[in-house]
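Listed below, chain by chain, are the residues.
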Amino acid sequence: MRRHIAIVGLVWLVLTFAGLILAQVAFEPGTFSDKGQMIDDTFRTLLIMSVPVFTFVIAILGYSVFAFRHKGQPEGDGVPLSGRGRLPLAWFVVTSAMALGVMVYPGLTELPKVVHLDAQPDVIVRIQGQQWRWSVQYPQTGAKSNSELVLPVNRKIGFEITSIDVIHSVWVPAFRMRIDAVPGLTTYMSFTPTATGDYGTDSGLRLQCSQLCGLNHATMQMPVKVVTDAEFATWLAANGGGQPSGPSGGGQPVAIEATAGAATDGFATKTLDAKAGTPITFTFTNDDPGTVHNLAVTADGKTYATDFKPGPATMTVDVPALPAGTYPFLCQAHPTTMTGTLTVK
Amino acid sequence: MTIAAAGTPPATRRPSAIRGFFPILRGLLFAVIGGLIGAGIAIAIRSAMGVDPFDRTPSANGTIPSTEQIVTVAFIVAALGWLLGVGFWESTVRGWLGYQIKGVPTDWRRYLTVSEDHKVIGIQYLATFIVVLLIAGLGAMTMRAQLSQPGNTLLSPDTYNRIMSFHGIAMVSVAVASVMGSFGNYFVPIMIGARDMAFPRLNSLSFWLVPIVIVSLFLSQLLGGWDSGWTAYPPLSVKNASGQIMFNLAIIVFGLSSILGGINFIVTIVKMRAPGMSWGRVPIFVWSVFSAAILATFFTQFFAASLTMVLLDRIAGTGFFVGQGGAPLLYEHTFWFYSHPAVYIFVLPGFGMALEVLAHLSRKPLFAYRWAVAAFIGIVGLSGIVWAHHMFVSGMPNALLGPFLVTTELISIPTGLIFLSALGTIWMGRLWLTTPMLFALGFVFNFVIGGVTGIFLADVPTDVSLHDTYFVVAHFHYTIIGGEIFALFAAFYFWFPKMTGRMLSERLGKINFWIMFIFFNLTFLPMFWAGLHGMNRRIATYQNDLANVNLFISISAWILGSSFLVFVINVLWSLLSKRAARAEANPWKARTLEWLVSSPPPVENFPSTPIVVGSPYGYGTGGRPHAVFGLAGASDEEVTA
């Protein structure tokens, strides 16, 4: 018995030593955020802690199969160890201590750091998910994009996330961070990007939906780019930043409404009027409980659209001065049933 | 009523093969008739309410409520029709109406109708779930074909999502019912020295609800299938194709089957143990089924309630989860109330099975028996307070993260005790490396990987990064295939001789084990790596830089799949070949009660009531046997624990 225990102990030590060396290998792709670094460090800590546990089981299992195996039916029985007495109690105490230890560190000590939200982030980014695309908004400047998420390096970013239809999940593998986008809720996440890069050079820099959301879930992605402050400012300006943000653009007001059942019955009014030569601010009131609508006006080949929001909600969109004529408008969520005509005189 | 047409043929007439299938064919016919009647009722109610019965106007969620209402009512009546047709008319309803209940055939045809014999029901469960396992496995093979290269166009995204969703729920049903329903039903009564389960008729009802579930999951494909996975999170499950309602109805029925089975096991194990079978002498497999039965009885209702609310959102416009005031997170909570305990319904009988085989085939007492029992009870207790570890990134309040991290990691303590018992049992044993023993040892190897990687997911900081990636896919396949399915195979190879009276080929069994063990690990170990490299789960395509690892996984998975062919050949050869060896009463020289009777056991299980006089695991002690058969007429009162 002592000889067996000595050999298993030796096997365990050798396997543990080998495992701890293997656990140093950098096998993850690099991270691009401060919290990503914390998460990677936590992962490494857990990996190192789990090595001796894993090798302990493997050493006993492997050695027993090797040393105690019989060809064919064994004659007689094994040593009748009942497992009463102090050994199981000691096992219980040791494993409990290990479990409590791993709960405290790295569990409870690292948790608040990773989920911590910056009260005053440098940049606020609103992310909205819908089947099956992302859109991002920078409310401090009014910039918007449906094609890429651009973030400045070394700035605290605060995300405000929601969805207009089903549950999605915001995940950028290179940042390691993730939070679900839930309809009717705003969820929050914050971190600081720590290196510049883009999707072209690192496929982990993509905003990937990671909660099953239907047909095109796998390809519900948006490239992510981390840039310098100067590049960020240029990008904001090129994407509608710098305009006054807020609900009203100060144009002539035109109001329209959708009531319950609008998805089949259409807008409350099918015709709208406005004056030519003056910018127009449309105020769209969605009173259709829980159903997502928006208002989109098409003029000169361009579409001016409000956000999508479930009722009750009010959305606005500014349209530049238009020449006299008629222009179609519709709800992009219900383009066949919710249509109308804007007459500019 | 004219339904009572099916009589038992006179004993003198040789039954034809067709007649054996008569109850099932009649059940299908009645299901169709029931479905038509149900549809008629729904149409009549809609007409009476003054609405167009076939109104095609979509709801605010884009679904067609009229169709779904008709399908729902049709489903309910069709399910009742199926049950009546398949045999509950003869076995049950006739009795309610004051007629004499008809007997069940005693030959092979009893497997194809309502039998109340727990051994027949066990085999019905086993055959059914092996078929489901193979079909759902084919689904996995198809998914791996699609994922063998990025941007593959073999399957459309919709087809992929539907196969993935089907694979998920079908395998979950296998995991819930394969060990419990088959080996639990067959062996728990024998191992405790009982003649049958406490409620034999309820037991048959538990089984005959299952075909409804499986057929409905297939029929749902005619209604567009469902693409919301086995989790069916709303709002997606309120807005997707109408196949979703068939999923909901099917799984509600499956839940009913589970609850009925759970109650039956609890009562059987508490009330029907043979004289002398004190709680300290109950075989560990029985303890594990008892624990899982408690979970099934008390938690399944939460899943059924969640699915009912989704169903009502679709057919009655209730708005639990969508629209103003709808709360999608509510579903996630109530769903995981059940679905986390459910993973212990999967794996506890697997633990019990593996420990049982390890003890008998190491020729040693089960090490630290009482601690292993305590571990089961501890897991039952803790499993109810860990559910929200599935929701660390759901947007629930941050204050809940810490408590659920703590409760989840607490579960590693009782799980550790199972390892103590397993390792202590093989230590200094005389290991008889037969196929069931190899599978039980494989279980220990796989489960330690599944268990250790679970810590990374219980820890919030790492879960934020790993959640919904292939790291999770690898982890739960390690626990469910590597754990429960390996234990299922251990049980199958261990008990097949007892159930059929025939031995399986050891050579084919070992080939089966080694292919399965090696390629299981080669399939799922690389998935941890893929997850760390940004591969999220439930996707029909992925980034180009993950091409190599996915091709490797796909090839390994196909070889893993082929190991099941070896298994099927082994079983068929043993059952059909005249040269297959016959099994004696106790081929493994084991001590528990099932080995004291012939293979297969007689209908009444025992010649007389067994009297339990010692431990089921008294190997090497030279002491008393586990049980003796009492004198005829010995009453229960004469021997007490």
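Residues numbered from 1 in each chain as written. Chains lettered and ligands numbered in written order. Predicted model: local features only at pLDDT ≥ 70, side-chain atom pairs only at ≥ 80, totals over all residues.

This part covers the overall build of chain B. Scanning chain B for helices and strands turns up 19 helices and 3 strands. Relative to the compact-globule value of 26 Å for 641 residues, chain B shows a C-alpha radius of gyration of 25 Å, a close match. Seen through its principal axes, chain B has C-alpha atoms that stretch 75 × 65 × 45 Å. Expressed as a percentage of its 641 residues, the buried residues of chain B come to 60%. Across chain B, every contact between residues at least 6 apart in sequence was considered, and the portion connecting residues at least 24 apart equals 80%. (Helix = DSSP H or I, 4+ residues; strand = E, 2+ residues; numbered from the N terminus. Rg over C-alpha atoms; globule rule 2.2 N^0.38 Å. Buried ≥ 20, exposed ≤ 12 C-beta atoms within 10 Å, placed from the backbone. Contact = placed C-beta atoms within 7 Å.)

What chain A contains, in helices and strands, is 5 helices and 22 strands. At 30 Å, chain A has a C-alpha radius of gyration far larger than the 20 Å of a compact globule built from 345 residues. Principal-axis analysis of the C-alpha atoms places the extent of chain A at approximately 100 × 45 × 35 Å. Put simply, of all contacts in chain A between residues at least 6 apart along the chain, 70% involve residues at least 24 apart.

So, on to the packing of helix α2 (residues 22–48) of chain B against helix α3 (residues 65–96) of chain B. Residues and elements named next belong to chain B. It is at 6 Å that the axes of α2 and α3 come closest, and there the two elements cross at 150 degrees. With respect to the hand of their crossing, α2 and α3 are arranged in right-handed fashion. Along the lines of polarity and charge, the residues of the contact of α2 with α3 split into 22 nonpolar, 9 polar and 2 charged. (Axes fitted to C-alpha atoms, helices over the stretch in contact; angles between N-to-C directions. Left-handed = near helix turned anticlockwise from the far one by under 90°. Nonpolar A, V, L, I, M, F, W, Y, C, P; charged D, E, K, R; others polar.)

Residues and elements named next belong to chain A. Ordered by their spatial adjacency, 5 strands build an open sheet running β4-β3-β2-β6-β9, and the pairing between neighbours is mixed. The open sheet has two edge strands with one neighbour each: β4 (143–145) and β9 (187–191). With strand direction ignored, the average angle separating the axes of adjacent strands in the sheet is 20 degrees. As paired strands, strand β2 (residues 123–130) and strand β6 (residues 157–163) are joined by 7 bridges and run parallel to one another. Among the inter-strand pairings, V123 is bridged to a residue of β6, identified as I157. (Pairing = 2+ DSSP bridges.)

Moving on to the interface of chain A and chain B. Listed as interface residues are 78 residues of chain A and, on the opposing side, 82 residues of chain B. Mapped by element, the contributors of at least two residues to the side of chain A that touches chain B are α2 (34–67), β1 (69–70), α3 (86–115), β7 (168–172), β8 (177–181) and α5 (262–265) of chain A. Partitioning the side of chain A that touches chain B into residue classes produces 43 nonpolar, 27 polar and 8 charged. Across 2 bridges, the pairing between β1(A) and strand β1 (residues 431–432) of chain B is parallel.

Another point: α2(B). Residue and element names in this part refer to chain B. Taking 1.5 Å per residue, 27 residues should reach 39 Å; α2 reaches 38 Å between its end C-alpha atoms and fits that length. Restricting attention to buried positions, one finds in α2 the residues F22, P23, R26, G27, F30, A31, G34, G35, G38, A39 and A42. Contact partners of the buried residues in α2: α1 (17–20) and α3. G50 sits one or two residues past α2 and shows a positive phi near 80 degrees. (Expected span 1.5 Å × (residues − 1).)

We now examine the sheet that holds strand β18 (residues 302–305) of chain A. Residues and elements named next belong to chain A. Spatial ordering of the open sheet is given by β14-β22-β21-β17-β18, a layout of 5 strands whose pairing is mixed. In this open sheet, the two strands that pair with only one neighbour each are β14 (271–274) and β18. Ignoring which end each strand starts from, the neighbouring axes of this sheet average 25 degrees apart.

Another aspect to go through is the domain arrangement of chain B. All names here are of chain B. Split by domain assignment, chain B resolves into domain 1 (20–96) and domain 2 (115–576). A straight line from the C-alpha centre of domain 1 to that of domain 2 covers 31 Å. Counting residues at the interface gives 19 residues for domain 1, matched by 15 residues for domain 2. In terms of residue class, the side of domain 1 that touches domain 2 is made up of 9 nonpolar, 9 polar and 1 charged. (Domains from an automatic or database assignment.)

Looking now at the pairing of β6(A). All names here are of chain A. Here β6 shows a clear split, with I157, F159, I161 and S163 buried on one side and none of G158, E160 and T162 buried on the other. Relative to β9, β6 runs antiparallel, the two sharing 5 bridges. Paired with G158 across the bridge in β9 is S190.

Before going further, it helps to spend a moment on helix α10 (residues 284–315) of chain B. The periodicity of an α-helix, 3.6 residues per turn, causes residues three or four places apart in sequence to face the same way. All names here are of chain B. Spanning 32 residues, α10 covers 46 Å between terminal C-alpha atoms, matching the ideal 46 Å at 1.5 Å per step. A bend of about 40 degrees at F299 is the largest found in α10. Among the 32 residues of α10, 26 are classified as buried, and the element is accordingly described as predominantly covered. Note on α10: the residue one or two positions beyond its end, G317, has a positive phi of about 65 degrees. (Bend = angle between axes of the 7 residues up to and from the residue.)

Let us look at the pairing of strand β15 (residues 280–286) of chain A. Residues and elements named next belong to chain A. Of the two faces of β15, only the one carrying I280, F282, F284 and N286 is buried; T281, T283 and T285 on the other face are not. For strand β13 (residues 252–258) and β15, the ladder comprises 7 bridges, and the chain directions are parallel. Bridge pairing links E257 to T285 in β15. Two elements, β15 and strand β20 (residues 313–319), share 7 bridges in a ladder whose sense is antiparallel. Residue pairing for β20: T283 is matched across the bridge by T316.

Further remarks concern the confidence of the model for chain B. Residue and element names in this part refer to chain B. Looking at chain B as a whole, its pLDDT mean stands at 92, while 96% of the residues score no less than 70. Overall, residues 1–12 carries pLDDT values under 50, and its contacts beyond four positions in sequence, including any with other chains, amount to 13 contacts. A low-confidence stretch, residues 633–641 (pLDDT under 50), is modelled with 9 contacts involving residues beyond four sequence positions or located in other chains. Overall fold confidence (pTM) sits at 0.87, and the ipTM for the predicted complex is 0.90. (pLDDT = per-residue confidence, 0-100.)

Right, let's get into unusual backbone geometry. Residue and element names in this part refer to chain B. P234 connects to P235 through a cis peptide bond whose omega is 0 degrees. Tracing the backbone shows P235 in the loop between α7 (210–219) and α8 (236–239). Here the residue pair S599 and P600 is connected by a cis peptide bond, since its omega of -10 degrees sits within 30 degrees of zero. Tracing the backbone shows P600 in the loop between α19 (547–576) and β2 (610–612). At D468, a position not held by glycine, the phi torsion is positive, near 60 degrees. Here D468 lies in the loop between α16 (460–466) and α17 (470–500).

Here we take up the confidence of the model for chain A. Here chain A shows a mean pLDDT of 90. Residues at 70 or above account for 97%. When the criterion is pLDDT under 50, residues 244–248 of chain A qualifies, and its contacts beyond four places in sequence or with other chains add up to 5 contacts.

The subject of this paragraph is the environment of A:M103. The topology assignment puts A:M103 in helix α3. Judged by local crowding, A:M103 falls into the buried class, with 22 C-beta atoms found within 10 Å.

Residues and elements named next belong to chain B. One can find T434 in the loop between β1 and α15 (435–458). Taking the C-alpha atoms as reference, T434 lies 8.9 Å from F494; in sequence the two are 60 residues apart. The contacts of T434, once residues within four sequence positions are left out, are L361 and E506.

Turning our eyes to something else, we now look at the environment of B:E506. All names here are of chain B. If you trace the backbone, E506 turns up in helix α18 (residues 506–532). We classify E506 as partly exposed; it has 14 C-beta atoms within 10 Å. Ignoring anything within four residues of it in the chain, the contact list for E506 reads T434 and T435.

Right, let's talk about the packing of α3(B) against α10(B) for a bit. Residue and element names in this part refer to chain B. Between α3 and α10, whose axes approach to 8 Å, the crossing angle comes to 135 degrees. Taken together, the axes of α3 and α10 lie oblique to each other. Mapping the contact onto sequence places P65, E68, Q69 and T72 in α3 and L311, R314 and I315 in α10. Grouping the amino acids of the contact of α3 with α10 by side-chain chemistry returns 3 nonpolar, 2 polar and 2 charged. (Parallel < 35°, antiparallel > 145°, perpendicular 65-115°, else oblique.)

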